[in-house]
Amino acid sequence: MHCPQDDLADRIAALAFEHYVKKLPKKGKPVEGREWTLMAAVLKQDEKGSLDVVAMGTGSKCIGQSKMRPEGDILHDSHAEVIARRAFLRYLYHQLWMVYHGCDSGVFTAPGADCRCGLKTGVSFHLFTSHTPCGDASIFPKGGKSEETADHGFVVRSEIAARNAETSSQPTIQKRKAEDLCDTEEQKDSKKHKTDQDCSLQKEKDDHKSGFHDKTIHIPADEGIKSEVESKVETKVRDASLICENTEETLKLDIHRTGAKCVPGGLQDPLQSGPDYHQVGVLRTKPGRGERTLSMSCSDKLAKWNVLGCQGALLSHFMAEPLYFSTIVVGKCPYSAEAMYRAVVDRCAGVQDLPAGYRAHLSRCVQSGLQFCHHREAVVEQSTTPGKVMPAPAGIVWAAIPGKCTDVSVNGYRLGTTKKTMGSPQARVFVCRLELFETFKELLNSLPVDSRPATLRSEKLSTYRDYKTAAVDYHRARTCFLQVFNTWILSPDKISQFQ
């Protein structure tokens, strides 16, 4: 029977899966039996305990550094957790718009004396992800049968997985051969022994007839001295058992691996066999298809959100305090509670001197027993060509907002974008940097100057970077965070100068 916390995890997972099936368009989803994807969602829980999906994202891709654009019109990181969080930002903007304009919001209280809004009592948010986050959270000892072979989550390279499978099956084959050999030799020996007995009895009869009594004592082959065949068989069985034990010990010492790469300037992976392949607790960037990316791993981003809040710098202008995920739920997959806690919570313990309201938040990290229908393992199990299963090229973003609430993206742009339309509004996904900045400015410009938070009243603010830096408390908290995570890769200034 599940404990209440596990019940919550399964409720969250079930609602996310139902929303994925019923609300997201078919376009952008994996081709059945041939493709898989990652999915993440943000769910709101009200004071009565009711749960609703308010944001969702799917995808597993990132773009390389050379494809990043100063215009802010392309998605750099399209991993599901990141897309779901960006959709969540869009949802929060809509909720703030309502409360600033006198409408009721299910999330925020009316602006206070400082013109900022607080979170309503009893309201909380949970993050669901169908897989273990890539990076540090995905590095842990093997203990289950499930293994990923993709460049996110916990990774086992295909050639290593194949080699392990071959190695693990070898002892069984050898032992079976030895057992078969043993049976054969025993049968031969039994027949030989029976023949010897028959010959001996016949000889006794003949001797009795001839009056000659043999005084020699006959020792059967299965008593006292072992036959040469028996010794060889026992040796083979013993060797097979040792091989089996050694293989089990090797597999027990191996770990799940991640495709995320250690950032330059910090500790690097030893790349030794077994548990010494990875260095745990370090910052990592997501792998690209060829070119290296500047996108930090999802484990690292979750740790960041656990200190600075998941609302980001721009929204923090309007909010009385940062917003943290109360619970992080992982779907059925290889998972380690210890590794998850280490990556998301424990690494943040050293962050100190944070501004009022900021903290190293203790998110509850739990796993659901429910598996995502387009999880790689689920697709491979049902596919007629499991060796050809690939990650879906597209990603989907959805937010609980009026009007256009869904987009499908490929390579950071809206599906269908051509060279001719690239750079135009129709090429942009509604959660890219530029679109979120436009949403921010729409909210800001709709407010009289005296109704704006104090940090947004300066006329000198113009660029995306200007407005982010003007969030003083958030910026101070970020500085404290980076003192501990001092090898964090920062985006080039040139990609934050758009207006």
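The structure presented is a predicted model; accordingly, all values stated were derived computationally and were not measured.

Enquirer: Give a description of the layout of surface pockets that names residues and reports values.
Expert: The calculated volume of the largest pocket comes to roughly 1,100 Å³. Along the wall of the largest pocket there are 39 residues; nearest its centre are K304, R433, Y464, K468 and S491. Looking at the lining of the largest pocket, the elements that each hand over two or more residues are helix 2 (80–100), helix 5 (298–308), helix 6 (312–316), helix 9 (433–445), helix 10 (464–469) and helix 11 (472–484).

Enquirer: Account for the packing of aromatic side chains, naming residues and giving values.
Expert: Scanning all chains against the criterion turns up 17 aromatic pairs. When the centroid spacing of 5.7 Å and the interplanar angle of 75 degrees are considered together, the rings of Y100 and F318 count as edge-to-face. Placement of Y100 in helix 2 and of F318 in the loop between helix 6 and strand 9 (327–330) is noted, with a sequence separation of 218 residues between them. With respect to burial, Y100 and F318 carry one shared label: buried. Consider the rings of F437 and F498, whose centres lie 5.9 Å apart with planes at 80 degrees: the pair is edge-to-face. With F437 in helix 9 and F498 in the segment after helix 11, this pair connects stretches of sequence that are 61 residues apart.

Enquirer: Give me the lowdown on the pairing of strand 13 (residues 406–410), citing residues and values where you can.
Expert: Extensive coverage of strand 13 is indicated by the burial of four of its five residues. Relative to strand 13, strand 12 (residues 394–399) runs antiparallel, the two being bridged by five bridges. Within strand 13, the residue paired with W398 across the bridge is T406. In this structure, the hairpin formed by strand 12 and strand 13 is closed by a connection of six residues, where G403 is found at a positive phi of approximately 75 degrees. As paired elements, strand 13 and strand 14 (residues 413–414) share two bridges and run antiparallel to each other. Looking at the pairing, S409 lines up with R414 of strand 14. Here strand 13 folds back onto strand 14 in antiparallel fashion, the turn holding two residues, of which N411 has a positive phi close to 55 degrees.

Enquirer: Please set out the pattern of salt bridges residue by residue, giving values where relevant.
Expert: Per the stated rule, a full pass over the model turns up 18 salt bridges. In this structure, the salt-bridge partner of K142 is D254, at a minimum N-O distance of 3.2 Å. Placement of the pair is K142 in the loop between strand 6 (124–129) and helix 3 (158–210) and D254 in the loop between helix 4 (228–253) and strand 7 (261–262), with a sequence separation of 112 residues. A residue is classified by how much of its surface remains accessible, and K142, at 10% relative accessible area, is buried. Between R347 and D300 there is a salt bridge; the shortest N-O distance is 2.8 Å. Taken as a pair, R347 in the loop between helix 7 (337–344) and strand 10 (364–367) and D300 in helix 5 lie far apart in primary sequence, 47 residues in all. Relative accessible area serves as the criterion here: at 11%, R347 is assigned to the buried category. A residue is classified by how much of its surface remains accessible, and D300, at 0% relative accessible area, is buried. The network of salt bridges with common partners includes R69, E71 and D73.

Calculation notes
- Residues numbered from 1 in each chain as written.
- Predicted model: local features only at pLDDT ≥ 70, side-chain atom pairs only at ≥ 80, totals over all residues.
- Heavy atoms only, no water.
- 1 Å grid on protein atoms, 1.4 Å probe; cavity = no way out; pocket = protein on both sides within 12 Å on 5 of 7 lines; lining within 4 Å.
- Points joined across faces, edges and corners; volume = space filled by probe spheres on them.
- Helix = DSSP H or I, 4+ residues; strand = E, 2+ residues; numbered from the N terminus.
- Phe/Tyr/Trp six-rings, centres within 6.5 Å; stacked < 30°, edge-to-face > 60°.
- Buried < 20%, exposed > 50% of the residue type's maximum accessible area, 1.4 Å probe, protein only.
- Pairing = 2+ DSSP bridges.
- Salt bridge = Lys/Arg side-chain N within 4 Å of Asp/Glu carboxyl O.

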